[in-house]
Amino acid sequence: MKEVTLQINGKKVTKQVEDHTILSTFLRDGLNLTGTHIGCDTSQCGACVVHVDGKSVKSCTVLAADIDGSKVTTIEGLATNGKMHPMQEAFKKLHGLQCGYCTPGMVMSAVDLLNQKKNPSDQEIRDWLEGNICRCTGYQNIVAAVKEASTKM
Amino acid sequence: MPSLVGSRVERKEDKKFLTGKGRYTADITLANQTYAIFIRISSRKSRD
């Protein structure tokens, strides 16, 4: 067991965790932040993507104890004061989601892309989102949404 | 409503999906919830 302190969406959280506690479990089961989803057991699907210290990571592949002291942003923490982030607005406007299951991870992943590179090309967006699988949309409107968001960020 | 035909309409459910408030079955925990696990036989002749 280890005592872990994390800043989750701006709020400091301290909890005792087993050494093997995975970050996605910590968020979903420990804090009831169920916006982060589990879609596989092979670290392939990306439905679990969150930001740790500003960078996108697959939370299913991170041990909570390993990131003691870090800042974590989940999909629940992206909107500020009830106002959606430009990426969320763009996905809504351009139908970048259908069932919505991949969406939190897709949005978090795309936000990191735009934080690192302004105005990425279609190919750069598709390459970046290779680690995020969507079974519904065929990615067309996801790419369009990321391009739209890049004009607003 | 002829004016809606062909016009761009946003979905009502998107906001909750985009903000992590979707309630997929794995997100729901009820009191005294039970879980089902499927154990499949590995071959026709198997006795497991």
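Residues numbered from 1 in each chain as written. Chains lettered and ligands numbered in written order. Predicted model: local features only at pLDDT ≥ 70, side-chain atom pairs only at ≥ 80, totals over all residues.

1. Observations concerning the overall build of chain B
(1) Moving on: In terms of helices and strands, chain B carries one helix and zero strands.
(2) Moving on: In terms of overall dimensions, chain B has a C-alpha envelope of 65 × 30 × 20 Å along the principal axes. (Helix = DSSP H or I, 4+ residues; strand = E, 2+ residues; numbered from the N terminus.)

2. Observations concerning the nonpolar core
Across soluble globular proteins, nonpolar side chains show a tendency to be buried alongside one another.
(1) Moving on: Ranked by size, the top nonpolar core spans 44 residues in total, and within it A:F91, A:V107 and A:A110 carry the most contacts.
(2) Moving on: Among the elements of the structure, strand 1 (2-8), helix 1 (23-30), strand 3 (49-52), helix 2 (86-93), helix 3 (103-116) and helix 5 (140-150) of chain A together with helix 1 (14-18) of chain B are those that each provide at least two residues to this core.
(3) Moving on: When residues are assigned to domains, this core turns out to be shared by domain 1 (2-77) and domain 2 (86-150) of chain A, each giving three or more.
(4) Moving on: With near-sequence residues (within four places) excluded, A:V107 lies in contact with A:I75, A:L78, A:M87, A:Q88, A:F91 and B:L18. (Core = buried A, V, L, I, M, F, W, Y, C linked by C-beta atoms within 7 Å. Buried ≥ 20, exposed ≤ 12 C-beta atoms within 10 Å, placed from the backbone. Domains from an automatic or database assignment. Contact = placed C-beta atoms within 7 Å.)

3. Structural notes on the interface of chain B and chain A
(1) Moving on: Chain B puts twelve residues into the contact, and the matching count from chain A is 18 residues.
(2) Moving on: The class makeup of the residues in the side of chain B that touches chain A is four nonpolar, three polar and five charged. (Nonpolar A, V, L, I, M, F, W, Y, C, P; charged D, E, K, R; others polar.)

4. Comments concerning the pairing of strand 4 (residues 55-58) of chain A
Residues and elements named next belong to chain A.
(1) Moving on: Note: strand 3 against strand 4, four bridges, orientation antiparallel. Looking at the pairing, H51 lines up with S56 of strand 4.
(2) Moving on: Connecting the antiparallel pair strand 3 and strand 4 is a turn made up of two residues, with D53 showing a positive phi of about 50°. (Pairing = 2+ DSSP bridges.)

5. Section: the sheet that holds strand 3 of chain A
Residues and elements named next belong to chain A.
(1) Moving on: Taking strand neighbours across the sheet as the criterion, the five strands line up as 2-1-5-3-4 in an open arrangement whose pairing is mixed. Two strands close off the open sheet at either side, each with one partner strand: strand 2 (11-17) and strand 4. Averaged over all pairs of adjacent strands, the angle between strand axes in this sheet comes to 40°, irrespective of strand direction.
(2) Moving on: Two strands pair when backbone bridges link them, and strand 1 and strand 5 (residues 71-73) are joined in this way by two bridges, in the parallel orientation. Its bridge partner being in strand 5, Q7 is matched across the sheet by K71.
(3) Moving on: The strands touched by helix 3 are strand 3 and strand 4; relative to strand 3, the strand with the most contacts, the crossing angle is about 40°. (Axes fitted to C-alpha atoms, helices over the stretch in contact; angles between N-to-C directions.)

6. Brief notes about the domain arrangement of chain A
All names here are of chain A.
(1) Moving on: Here the domain parsing of chain A yields domain 1 (2-77) and domain 2 (86-150).
(2) Moving on: Just the C-alpha atoms count here: the centres of domain 1 and domain 2 sit 21 Å apart.
(3) Moving on: Of the residues lining the interface, 15 residues belong to domain 1; the matching set on domain 2 comes to eleven residues.
(4) Moving on: The set of elements that each furnish at least two residues to the side of domain 1 that touches domain 2 consists of strand 3 and strand 4.
(5) Moving on: Its residues assigned to classes, the side of domain 1 that touches domain 2 shows six nonpolar, eight polar and one charged.

7. Some details on unusual backbone geometry
Residues and elements named next belong to chain A.
(1) Moving on: Within the chain, N81 stands out as a residue other than glycine whose phi angle is a positive 50°.
(2) Moving on: Residue classification places N81 among the exposed residues on the basis of 4 C-beta atoms within 10 Å.
(3) Moving on: Unlike most non-glycine residues, Y139 shows phi in positive territory, near 70°.
(4) Moving on: Position of Y139 relative to the elements: it lies in the loop between helix 4 (122-128) and helix 5.
(5) Moving on: Looking at Y139, the number of C-beta atoms within 10 Å reads 16, which means it is partly exposed.

8. Observations regarding the environment of A:S43
(1) Moving on: Relative to the elements of secondary structure, A:S43 occurs in the loop between helix 1 and strand 3.
(2) Moving on: Discounting chain neighbours no more than four positions away, the residues touching A:S43 are A:K58, A:C60 and A:T61.

9. Section: the environment of A:S24
Residues and elements named next belong to chain A.
(1) Moving on: Checked against the element boundaries, S24 lands in helix 1.
(2) Moving on: Judged by local crowding, S24 falls into the buried class, with 23 C-beta atoms found within 10 Å.
(3) Moving on: Expressed as a C-alpha distance, the spacing of S24 and L63, which sit 39 residues apart in the sequence, is 8.6 Å.
(4) Moving on: Residues contacting S24, with those up to four places away along its chain left out, are T36, I38, C48, S59 and C60.

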